[in-house]
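So the chains spell out like this:
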Amino acid sequence: YIKDPHWIFPGDDLIIPTYQSAEVSKEAPPGPEVKLEEIKPGTEYERDIFIAPPDFKFDGCIAGVKEKKLMTAYGDTVFIDLGKSQQVEPKTRYSIYREGEEVIHPTTGEVMGIMVEKIGVLEVTSDIEEDSSTAVIVDSRKPVEIGDSVKMQLKLKEKKTEE
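As the structure is a computational prediction, the values presented were derived from the model and not from experiment.

What counts, and where the lines are drawn
- Residues numbered from 1 in each chain as written.
- Predicted model: local features only at pLDDT ≥ 70, side-chain atom pairs only at ≥ 80, totals over all residues.
- Heavy atoms only, no water.
- Helix = DSSP H or I, 4+ residues; strand = E, 2+ residues; numbered from the N terminus.
- Contact = heavy atoms within 4.5 Å.
- Areas by Shrake-Rupley, 256 points an atom, 1.4 Å probe, with all protein chains shown as cover.
- pLDDT = per-residue confidence, 0-100.
- Patch = residues over 30% accessible without salt bridge, like charges linked within 9 Å, V, L, I, M, F, W, Y side chains within 5 Å.
- Salt bridge = Lys/Arg side-chain N within 4 Å of Asp/Glu carboxyl O.
- Lys, Arg positive; Asp, Glu negative; His and termini not counted.
- Charge placed at Lys NZ, Arg CZ, Asp CG, Glu CD.
- Phe/Tyr/Trp six-rings, centres within 6.5 Å; stacked < 30°, edge-to-face > 60°.
- Lys NZ or Arg CZ within 6 Å of the ring centre and 35° of its normal.
- Polar contact = N/O pair within 3.5 Å; in protein donor to acceptor, adjacent residues only side chain to side chain.
- Core = buried A, V, L, I, M, F, W, Y, C linked by side-chain atoms within 4.5 Å.
- Buried < 20%, exposed > 50% of the residue type's maximum accessible area, 1.4 Å probe, protein only.

Visitor: Looking at this structure, how should I read the overall build of the protein?
Guide: Along its length, the protein carries 0 helices and 9 strands. In the protein, the order of α-helices and β-strands from amino to carboxyl end is β-β-β-β-β-β-β-β-β. Expressed as a percentage of contacts within the protein between residues at least 6 apart in sequence, the contacts between residues at least 24 apart total 61%. For the protein, the exposed area adds up to about 12,700 Å²; of that, 52% sits on carbon and sulfur atoms.

Visitor: Just to check I follow, could you spell out the confidence of the model for the protein for this structure?
Guide: Low pLDDT means the predicted coordinates in that region are not meant to be read closely. Per-residue pLDDT for the protein has a mean of 79; in total, 71% of the residues score no lower than 70. Long-range and interchain partners of residues 41-45, a stretch whose pLDDT sits below 50, account for 5 contacts in this model, where long-range means more than four residues apart.

Visitor: What is the right way to read a negative patch on the surface from this model?
Guide: Taken together, the side chains of Asp81, Asp127, Glu129, Glu130 and Asp131 define an acidic patch exposed on the protein surface. Positionally, glutamate 129 belongs in the loop between β7 (111-128) and β8 (133-140).

Visitor: How should the pattern of salt bridges be read in this particular structure?
Guide: Should the charged atoms of two oppositely charged side chains come close, the side chains can pair. Tallied over the entire structure, the rule returns 7 salt bridges. A salt bridge links glutamate 117 to lysine 142; the shortest N-O distance between them is 3.0 Å. Residue glutamate 117 is located in strand β7, and its partner lysine 142 is located in the loop between β8 and β9 (149-152); the two are separated by 25 residues in the primary sequence. One network of salt bridges, in which partners are shared, links Asp48, Asp139 and Arg141.

Visitor: Where do I start with the packing of aromatic side chains in this structure?
Guide: Each aromatic ring pair is summarised here by two numbers: the centre-to-centre distance and the angle between the ring planes. Within this structure, the stated rule accounts for 4 aromatic pairs. Here the aromatic rings of phenylalanine 50 and tyrosine 97 are separated by 5.8 Å at their centres, their planes lie at 90°, and the arrangement is edge-to-face. Of this pair, phenylalanine 50 sits in strand β3 (residues 49-52) while tyrosine 97 is found in strand β6 (residues 93-104), placing the two residues 47 residues apart along the sequence. Each ring, one from phenylalanine 56 and one from phenylalanine 58, has its centre 5.1 Å from the other, and the planes form 80°; the classification is edge-to-face. Here the aromatic cluster, defined as three or more aromatic residues joined through ring pairs, consists of Phe50, Phe56, Phe58 and Tyr97. Over the ring of phenylalanine 56 we find lysine 151; its NZ or CZ atom is 5.3 Å from the centre of that ring.

Visitor: I tried to follow the environment of valine 138 on my own but got confused; where do I start?
Guide: Secondary-structure assignment places valine 138 in strand β8. Separated by 44 residues in the primary sequence, valine 138 and tyrosine 94 place their C-alpha atoms 9.9 Å from one another. Look past the residues within four positions of valine 138 in its chain and what remains in contact with it is Tyr74, Arg93, Val121, Leu122 and Glu123.

Visitor: I keep staring at the side chain of aspartate 76 and nothing clicks. Help me out?
Guide: Assignment of secondary structure puts aspartate 76 in the loop between β4 (60-65) and β5 (77-80). A polar contact is formed between the side chain of aspartate 76 and the side chain of lysine 69, at a distance of 2.7 Å. Aspartate 76 has contacts with Lys69, Met71, Ala135, Val136 and Ile137, leaving out every residue within four places of it along the chain.

Visitor: Even after reading the chapter, I still don't get the nonpolar core, so can you show me in this structure?
Guide: Burial of nonpolar side chains together is a common tendency in soluble globular proteins. Of all hydrophobic cores here, the largest spans 16 residues; its most connected members are Ile80, Tyr94, Leu122 and Val150. If you list the elements that add at least two residues to this core, you get β4, β5, β6, β7 and β8. Ranked by residue count, the leading element in this core is β7, at 4 residues. Beyond its immediate stretch of four places on either side in the chain, leucine 122 contacts Ile62, Val78, Ile80, Thr92, Arg93, Tyr94, Ile96, Ala135, Val136, Ile137, Val138 and Val150.

Rendered as structure tokens:
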């Protein structure tokens, strides 16, 4: 296992486990039998830290907070620097990211990208101006700060159910 992810280099072999969920049999007596169902990696879990390529672009950033307090997090109102001119619509969700240090190739010294951490999600309200919008933080894993970057979440197509 990896004790210090700082020492992972290109070409190193990594073993990534397959996640499994358990299903309890309803017919089982007091000691229930557990059946394991295989889940493909990435279907339930989202990476929170990744290396973004040097040309990676965010959509905008947190431009301000409604209330100045010790910590801005879940349930708080923030302002983003995106609005009508960027086709922002109510209920649009954006992931909130914090940019970290540059990642440098240990041999070539080439900049491979920048370390980026997802710290939350916000949802735009109906208060949308030309170049700014009001949003509510709907998920936060760390305190949100002015200057944190935002990127629109991909809209997933709704599954059609057949009856």
